[in-house]
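Chain by chain, the residues run as shown.
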Amino acid sequence: MEEVVRYTYRLRPGATAEAALFGEWGRCRWLWNEAVHQYRTGRKPNFGRLSKLLTEARARSSWLRDGSQVVQQQTLRSYALALQHSFRVRGWGRPRPKRRKDVLPSLEYTTRGFSIRDRRLRLPGGVTIPVVWSRELPSAPTSVRVYQDTLGHWYASFVVRRNTTPAPDAEEAIGVDWGVTTTATTTDPAYDLPHLGHRKRCAAELAKLQRRMARRRRPRGVKPSNGYLRAKRQAAKVAKRAARQNTHNARVWAKKVVDDHATIAVEDFKPTFLARSRMARKAADAAIGAAKRELVDRGLRAGRRVVLVPPAFTTMTCSQCGTRAKHRLGLDIRVFRCDTCGYTACRDRNAARTILATAERDRAGADDVRHAITSFRDGALVRSEPEIPRLPAVGKR
């Protein structure tokens, strides 16, 4: 069985190649902003009309003709897809203009626009970039995305096909409840994901660099000093290191959970509201959203039965007898006690068991997984990730 994945490698462009990439990005950004302007002025052209306008613009402008038509077409295709998602996915706004100081360069090339020769990435215009091949490609790539991160490093993300190894045989089921003190509490304590606090450990170093930036900041409109740019880069490097540590831990934990369980009941928790609370910094350090995405993606790719359970009433419901408490539990109450059967457990552990019991009772099978974005007009939530079984809230059937 094959799967489509991305293999990402570091690029080492020289000064000439980097200047060519920035020039290509400037053309693509102009095309994106022009498409946004066309929509906002009421013309609302589709992708076919935008492609025709691109052909006419390239005939008039030598500046556009100097760039690759492949990457420019891909920019318009990305805009059309973003506009389509803005109508289907709840919470997505219309595409907005891309300002140079806010958006990092990102270029998409199909097979007609790039090649790999002598272990180098060759792009239109005679641009040749060395690639740091940390591992071999499993197959010939069908497209590549060349982008720059916040540290100024360039990367190439190739879309390839590879043979999948079957997941180990497993029969166990597990429920996952998200939190801040413990990032993921499961029905089996051996699979809990503790709050490791990588950003907190980097807080002192990051604060020192931010104070250095504040001292060396110049007035608006004045070119920043080399000392300010150096401190800014070092601060970005510290933040990037903490984010990568969180990503690595989430991948290791998700692989362990997926390998050992056939059914994974996940709390469909959206931590966006925590950004407006007093727990915003600790919630960001926990990286709940990244851990959830990694667990769901790995479960789907391994063919496991993954079920999203709404978080409503899971903390208030007894996992032993199913009775719901009559009053809400404050965050300071860490132990759940059932007044009906006398069951006592950690509130997060009880919620995880309730989530698993809900998924087992509804028996939403893996055949219900739909790898497409679906829109509903009856007010149901629409997911931008692969659609997986969604269950009603506990007690609402």
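Whatever comes next refers back to the structure up there.
First, a word on what this report is: a plain description of the structure on this page. Every value quoted in this text rests on a predicted model; they were computed, and no experiment measured them.

1. Description of the packing of helix 7 (residues 226-260) against helix 9 (residues 288-301)
Here's step 1: It is at 9 Å that the axes of helix 7 and helix 9 come closest, and there the two elements cross at 40°. Considering their axes alone, helix 7 and helix 9 lie oblique with respect to each other. The chirality of how helix 7 crosses helix 9 is right-handed. Across the interface between the two elements, A250, R251, W253, A254, K255, V257 and V258 from helix 7 touch A291, E294, L295, R298 and G299 from helix 9.
Here's step 2: A per-class count over the contact of helix 7 with helix 9 returns seven nonpolar, one polar and four charged.

2. Concerning the packing of aromatic side chains
Here's step 1: Summed over all chains, the structure comprises nine aromatic pairs.
Here's step 2: Across the ring face of Y7, the terminal group of R135 is positioned such that the distance to the ring centre comes to 3.7 Å.
Here's step 3: A cation over a ring is seen here: K256 above Y191, with NZ or CZ 5.2 Å from the ring centre.

3. Points about the environment of Y228
Here's step 1: Topologically, Y228 is positioned in helix 7.
Here's step 2: Remark: the alpha-carbon pair of Y228 and P105, spanning 123 residues in sequence, is separated by 22 Å.
Here's step 3: Contact partners of Y228, with chain neighbours within four places excluded, come to M213, R216 and R217.
Here's step 4: Side chain to side chain, Y228 and R217 meet in a polar contact 3.3 Å long.

Calculation criteria
- Within any chain, residue numbers begin from 1 and follow the written order of that chain's sequence.
- Only residues with pLDDT of at least 70 get local features here, since the model is predicted, and only at 80 or more are side-chain atom pairs given and counted; chain-wide, interface and lining totals rely on the full set of residues.
- Think of the side-chain values as coming from all heavy atoms in the structure, minus any hydrogens and water.
- Note on geometry: axes are lines fitted to C-alpha atoms, helical ones only across the stretch in contact, with angles between N-to-C directions running from 0 to 180 degrees.
- Each helix corresponds to a stretch of at least 4 residues labelled H or I by DSSP, and each strand to a stretch of at least 2 residues labelled E; elements are numbered beginning at the N terminus.
- Should an angle fall under 35 degrees it is taken as roughly parallel, and over 145 as roughly antiparallel, whereas 65 to 115 is taken as roughly perpendicular and any remaining angle as oblique.
- Left-handed describes a crossing whose near helix is turned anticlockwise from the far helix through less than a right angle; right-handed describes the clockwise counterpart.
- Two residues form a contact once any of their heavy atoms are found within 4.5 Å.
- The residue classification treats Ala, Val, Leu, Ile, Met, Phe, Trp, Tyr, Cys and Pro as nonpolar and Asp, Glu, Lys and Arg as charged. All others, Gly included, are polar.
- Each Phe, Tyr or Trp ring (for Trp, its six-membered ring) is paired with any other whose centre lies within 6.5 Å, and the angle between the two planes then decides the class: stacked below 30 degrees, edge-to-face above 60, tilted in between.
- Lysine NZ or arginine CZ positioned within 6 Å of the ring centre and within 35 degrees of the ring normal marks a charge as sitting over the ring.
- For the purposes of these results, a polar contact is taken to be a pair of N or O atoms within 3.5 Å, where, inside protein, one atom must be able to donate a hydrogen and its partner to accept one; residues adjacent in sequence count only when each atom of the pair is a side-chain atom.

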